[in-house]
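Inside the fold
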Amino acid sequence: MTLDDQLRTALPDLTRAERQLATHILSHYPVAALGSITVLAKAAQVSTPTVVRLAQKLGYKGYPDFQGSLRGEVEAMLVTPITKQAMRAQGVPSGHMLTRFAEAVVANLQSTLNQIDPADFDAVVALLADPSRRVFALGGRITHALADYFASLMTVIRTEVTLLSDNSATWPPALLEMQAGDVLLVFDIRRYENAVLQVAEMAKEQGAEIVLVTDRWVSPAASHARHVMCAHVEAPSAWDSNAVLMVLVETLLAAVQNATWEVTEPRLRRLEDLYARTRFFRRHR
């Protein structure tokens with residue numbers, strides 16, 4: 001198990017102070033535990049002995065041992081695609097790539113579903129379905145495609161949906177339009193992007209509610225997010241897999257559609273009529 005998995009598993013058996021510390025680490029993972037024990041204790045508002053006890057409860061000799069394990073995870077998280085592929089080539093597993101990749105995706109999906117709180121998911125849906133809130137979507141170099149897909153379908157479901165372009169020059173005008181209570185859905189997986197973090201920070205300053213979809217190592221943008229959904233993304237590839245992220249996107253879309261069906265249904269009917277009148281789609285012969 002990775003450190004964040006260990007923390008989530010241990011939560012029910014921790015004392016109040018230990019749970020407070022574990023929650024702080026998870027909310028600011030992995031950055032929170034990379035500094036000194038005194039800095040971590042102060043940030044989590046607990047004592048330094050509490051930090052030591054938590055590390056020992058997780059099976060580590062002490063905080064230095066705990067931190068050493070975390071640093072190993074961070075090193076693995078930050079490797080480049082070329083390095084990842086070279087590391088995998090040292091011990092290629094047997095079996096066809098189709099099978100190996102599918103098994104990895106299924107395992108990622110199961111692990112992700114096991115750690116997402118349904119109540120938190122429903123709270124995100126409520127934000128996205130609220131007609132009084134405008135919705136903005138932003139992704140990074142790779143995840144921009146997910147934000148684009150989300151915005152394209154959400155525009156059909158409801159009004160006031162904006163995709164922030166991958167051209168950073170368009171971000172300041174979009175941020176200018178954000179108002180308190182608006183929602184910014186952010187996609188950011190390793191290697192985390194400074195520009196995405198900056199937009200999340202500025203959007204929060206505007207009063208927007210930040211919803212972050214990230215990987216299990218958690219983007220630094222989590223420090224500005226009201227809701228964080230973490231997905232497992234490892235795959236037998238030089239790149240991480242976006243398959244589970246897409247499942248989360250489509251599940252969010254389906255849930256918002258169900259929550260707003262009285263408004264969405266007439267929008268869909270009108271849209272289909274417009275497509276028919278413009279002969280947008282080819283007819284089957």
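Residue indices follow the written sequence of each chain, beginning from 1 at its first position. Two thresholds apply to this predicted model, a pLDDT of at least 70 for residue-level local features and 80 or more for giving and counting side-chain atom pairs, whereas whole-chain, interface and lining totals are computed over all residues. Water and hydrogen atoms play no part in the side-chain values, which are based on all heavy atoms of the structure.

Strands are runs of DSSP state E lasting at least two residues, helices are runs of H or I lasting at least four, and both sets are numbered from the N terminus onward. Helix and strand counts for the chain come out as 13 helices and five strands. Our radius of gyration looks at C-alpha atoms and nothing else; its globule reference is 2.2 Å times the residue count to the power 0.38. In terms of overall dimensions, the chain is globule-like: its C-alpha atoms have a radius of gyration of 21 Å, near the 19 Å expected for 285 residues. Expressed as lengths along the three principal axes of its C-alpha atoms, the size of the chain is roughly 70 × 50 × 35 Å. Taken across its 285 residues, the chain has 44% of its residues classed as buried. Here, two residues are considered to be in contact whenever any of their heavy atoms come within 4.5 Å of each other. Here the analysis covers contacts within the chain between residues at least 6 apart in sequence; of these, 69% occur between residues at least 24 apart. Surface summary for the chain: the accessible area is close to 15300 Å², and the carbon and sulfur share equals 56%. Distance between charge centroids for the chain: 3 Å, based on 28 positive and 30 negative side chains. Exposed residues in this analysis have more than 50% of their type's maximum accessible area, buried residues have under 20%, and partly exposed residues fall in between, with area computed by a 1.4 Å probe over protein chains only. Each accessible area is a Shrake-Rupley result for a 1.4 Å probe, and residues are judged covered by the shown protein chains and nothing else. In this count, Lys and Arg are taken as positive residues and Asp and Glu as negative ones, while His and the chain termini are left out. Taken as the charge centre is NZ of Lys, CZ of Arg, CG of Asp or CD of Glu, depending on the residue.

On the secondary structure map, Asp-215 appears in strand S4 (residues 209-215). A pair is scored as a salt bridge if a Lys or Arg side-chain nitrogen falls within 4 Å of a carboxyl oxygen belonging to Asp or Glu. Notably, Asp-215 is buried but unbridged: the nearest opposite-charge side chain belongs to Arg-190, and the N-O separation is 4.9 Å. Pairing of N or O atoms within 3.5 Å defines a polar contact, subject to two protein rules: one partner must be a possible hydrogen donor and the other a possible acceptor, and residues neighboring in sequence count only if both atoms are side-chain atoms. Among the polar contacts made by the side chain of Asp-215, one reaches the main-chain amide nitrogen of Arg-190 at a distance of 2.7 Å. In this structure, Asp-215 is in contact with Asp-188, Ile-189, Arg-190, Tyr-192, Cys-230, Ala-231 and Val-233, ignoring residues within four places of it in sequence.

Let us now look at the pairing of S4. Burial analysis of S4 places six of its seven residues in the buried class, which makes it a mostly covered element. Any two strands are treated as partners once DSSP identifies two or more bridges connecting them. Relative to S4, strand S3 (residues 183-188) runs parallel, the two being bridged by six bridges. The residue bridging Val-186 from the neighbouring strand is Leu-212, located in S4. At this point the chain moves from S3, through helix H11 (residues 194-205), to the parallel S4, and the crossover so formed is right-handed. Orient the strands so they point away from the viewer; a crossover is then right-handed if the path from the first strand over the helix to the second runs clockwise.

So, on to the sheet that holds strand S5 (residues 227-231). Read from one edge to the other, the open sheet built from five strands follows the order S2-S1-S3-S4-S5, with strand pairing classed as parallel. What marks the edges here is a single partner per strand, and that holds for strand S2 (161-163) and S5. Strand-to-strand twist of the sheet, defined as the mean angle between neighbouring strand axes without regard to direction, takes the value 15 degrees. Here an axis means a line fitted to C-alpha atoms, over the contact stretch when the element is a helix, while the angle between two N-to-C directions is reported on a 0 to 180 degree scale.

The amide bond that connects Arg-190 to the next residue, Arg-191, takes the cis arrangement and shows omega of -5 degrees. Mapped onto the fold, Arg-191 is located in the loop between S3 and H11. The phi torsion at Glu-160 lies on the positive side, around 60 degrees, for a residue other than glycine. Looking at where Glu-160 falls in the secondary structure, it is placed in the loop between helix H9 (144-157) and S2. Overall, the relative accessible area of 47% leaves Glu-160 in the partly exposed class.

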